[in-house]
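# Notes for the structure review
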Amino acid sequence: METGCWVVGGEFEDSVFEERPERRPGPPAPYDAKRCEPQWFYEETESSDHTEVLTVKKFKGDLAYRRQEYQKALQEYSSISEKLSPTNFAMKRDVQEGQARCLAHLGRHVEALEIATNLENKATNIDHLTSVLCLQFAICSSLQNVEKTIFCLQKLISLHPFNPWSWGKLAEAYLSLGPALSASFASLQGRSSFTSSDKTIKSAFPHAGKDSLLCFPETLPESSVFSMEASGSNSQKNENTLKNIQNFVAEERGVVLTETQIRACASLIRARLLLQLIQSQQTSFALEKNLKTQQEIEDTMNGFSLPEDTLLWIAEVMGEDIVPEKIKDEVHTEVKSVGSAALSALVTASSKEFEDKWFRKIKEHFCSFESQFQTEIQILA
């Protein structure tokens, strides 16, 4: 090597040649943790630290919220919202979320949604966006706006497609939109593990509807039978066709599925598949809740009166992407700041986009059954 030629990265740091401080003999000084009495922040405290003063105010707001004193909590949050440093992103998000939740409880849902939308636009990673969508879901549920509630859940599922609880809540939201197939849906709210105690699921509509996909009559039209009896050369063929339709109607009699109910059914099946997948990893109360929820889903599915082979087919469709490795990767995904533009690409843009992705194949399957049934009826007419 030529004199004066240095290898890149070969320099020594000055700290290498510095003498290390001598280690003091004896045991180290014990760690004395700071202890605070309950509600210490209500005491008169004088501090020159501006951040500490605002933190104390936030604690007061948190306690008032816990006590359901929402107006008082809102005042505490609002008093510090504008005083926070622009760089204190974490506390600013917490305070704004607290304001939105207080406004929702006070019936000021429009203001609450404005704050939540602002937080959504400023989210920089998946964890932030997940928290904001959960906030929007709570506000829309309080507002009893089912359409917006469904869209919030769809966006949450777009971020976390392997979360069984979001799928279960989505199913209940769908059921609250359309007619119920049996009395079991009316009791779902009272015993469901998916629904919070303050949410009401209404299900009191007639069976038939303009968006019905399957609607099988109790008996065949008289005109069809008359036409068959009146025919000559094709009487045997018509007789066989009638027999096939009667068997088909006997199997599917009473099944009236709207598009909304099909989505609810598929969502419940996917929730059950995901619960079954994580069941082996759970113990104690988590396993107990899992098994209880699976039983609730089973009881609800009985209300659809669908044949077993149809349920198995729906399970196959809704479980196409359920692979243990994928779920493991989602759970252990590193939190990275990706920016609002990249996050927007991860979230479904509309309910139609979400439903086309998850339910189109099932919808087409049911539509084909209805088309087949109507064709057979027209042949006999």
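Note that this is a predicted model, so its numbers are computed, not measured. (Residues numbered from 1 in each chain as written. Predicted model: local features only at pLDDT ≥ 70, side-chain atom pairs only at ≥ 80, totals over all residues. Heavy atoms only, no water.)

### Description of the environment of isoleucine 322
As a reminder, the rule being used: Helix numbering and strand numbering both begin at the N terminus, where a helix is a DSSP run of H or I of at least 4 residues and a strand a DSSP run of E of at least 2.
Here isoleucine 322 shows up in the loop between helix H14 (308-318) and helix H15 (324-331). In sequence terms isoleucine 322 and leucine 273 are 49 residues apart; their C-alpha atoms lie 8.4 Å from each other.

### Topic: the confidence of the model for the protein chain
Convention followed: Each residue gets a pLDDT score, which is the predictor's confidence in that residue and runs from 0 to 100. Residue contacts are counted whenever heavy atoms from the two residues lie within 4.5 Å of one another.
Within the protein chain, residue pLDDT values average 77, and 66% of them lie at 70 or more. For residues 179-189, every residue scores under 50 in pLDDT, and the model assigns this stretch 35 contacts once sequence neighbours within four places are set aside. Contacts for the low-pLDDT stretch residues 196-233, under 50 throughout, to residues beyond four places or in other chains number 74 contacts.

### Section: unusual backbone geometry
We apply this condition: Summary of the burial criterion: residues with accessible area below 20% of their type's maximum are buried, those above 50% are exposed, and those between are partly exposed, where the area comes from a 1.4 Å probe applied to protein chains only.
Even without glycine at this site, glutamine 68 takes up a positive phi of about 65°. As for its position among the elements, glutamine 68 is in the loop between helix H1 (50-66) and helix H2 (70-81). On the basis of relative accessible area, glutamine 68 is assigned to the exposed category, the value being 59%. Backbone geometry at serine 284 places phi at a positive 55°, although glycine is not the residue there. Note on placement: serine 284 falls in helix H13 (residues 284-302). In this structure serine 284 comes out as exposed when scored by relative accessible area, which is 56%.

### Side note on the packing of helix H12 (residues 259-278) against H13
Helix packing geometry: the angle between the two helix axes and the distance between the axes. As a reminder, the rule being used: Fitted lines through C-alpha atoms give the axes, limited to the stretch in contact for helices. The angle between two N-to-C directions lies from 0 to 180 degrees. For classification purposes, an angle smaller than 35 degrees is called roughly parallel, one larger than 145 roughly antiparallel, one from 65 to 115 roughly perpendicular, and anything else oblique. Crossing handedness is defined as follows: a turn of the near helix away from the far one that is anticlockwise and smaller than a right angle gives a left-handed crossing, while the clockwise case is right-handed. Three classes are used: nonpolar for Ala, Val, Leu, Ile, Met, Phe, Trp, Tyr, Cys and Pro, charged for Asp, Glu, Lys and Arg, and polar for all others, with Gly counted as polar.
Relative to each other, H12 and H13 sit at 150°, their axes nearing to 10 Å. The orientation of H12 relative to H13 falls into the category roughly antiparallel. Pair H12 / H13 crosses with left-handed handedness. Residue-level inspection shows Cys265, Leu268, Ile269, Ala271, Arg272, Leu275, Gln276 and Ile278 of H12 in contact with H13, the latter providing Asn290, Thr293, Gln294, Ile297, Glu298, Thr300 and Met301. A per-class count over the contact of H12 with H13 returns 8 nonpolar, 5 polar and 2 charged.

### Considerations on H1
Rule in force here: Each residue after the first adds 1.5 Å to the expected span of a helix.
Look at H1: 25 Å from first C-alpha to last across 17 residues, which is about the 24 Å you get at 1.5 Å a residue. Listing the buried residues of H1 in full gives Leu54, Thr55, Val56, Lys58, Gly61, Leu63 and Ala64. Of the residues trailing H1, glutamine 68 is marked for its positive phi of about 65°.

### Some points on the packing of aromatic side chains
Here is the rule we go by: In this scheme Phe, Tyr and Trp rings, the latter by its six-membered ring, pair at centre separations within 6.5 Å, and the angle between planes marks the pair as stacked below 30 degrees, edge-to-face above 60, and tilted otherwise.
Enumeration over the complete set of coordinates arrives at 6 aromatic pairs. For the pair tryptophan 167 and phenylalanine 354, a centre-to-centre distance of 6.0 Å together with 35° between the ring planes defines the contact as tilted. One end of the pair, tryptophan 167, is in helix H7 (residues 164-177); the other, phenylalanine 354, is in helix H17 (residues 351-380), with 187 residues separating them in the sequence. Given the relative accessible area of 2%, phenylalanine 354 is considered buried. Taking the centre distance of 5.0 Å and the plane angle of 80° together, the rings of tryptophan 167 and tryptophan 358 count as edge-to-face. On the criterion of sequence distance, the pair formed by tryptophan 167 in helix H7 and tryptophan 358 in helix H17 is long-range, its members being 191 residues apart. The buried category is assigned to tryptophan 167, whose relative accessible area is 0%. Here tryptophan 358 falls in the buried class, since its relative accessible area comes to 11%.

### With respect to helix H6 (residues 146-159)
The condition is simple: Between N or O atoms, a polar contact is any pair within 3.5 Å; within protein, one atom must be a potential hydrogen donor and the other a potential acceptor, and residues adjacent in sequence are included only when both atoms are from side chains.
In a regular helix each residue adds 1.5 Å, so 14 residues correspond to 20 Å; H6 covers 20 Å between its end C-alpha atoms and thus fits that length. Considered for burial, the residues of H6 that qualify are Thr149, Ile150, Cys152, Leu153, Gln154, Lys155, Leu156, Ile157 and Leu159. The N-cap of H6, judged by a side-chain oxygen 3.4 Å from the amide nitrogen of glutamate 147 a few residues on, is asparagine 145.

### Some thoughts on the nonpolar core
Worth spelling out the cut-off: By nonpolar core we mean a set of buried residues, namely Ala, Val, Leu, Ile, Met, Phe, Trp, Tyr and Cys, connected to one another through side-chain atoms within 4.5 Å.
In this structure, Trp167 and Ile314 are the most contacted members of the largest nonpolar core, which totals 66 residues. Counting residues per element, this core draws most heavily on H12, at 9 residues. With sequence-adjacent residues up to four places away left out, tryptophan 167 is seen in contact with Ile157, Pro161, Ser267, Arg270, Ala271, Leu274, Met318, Phe354, Trp358 and Phe359.

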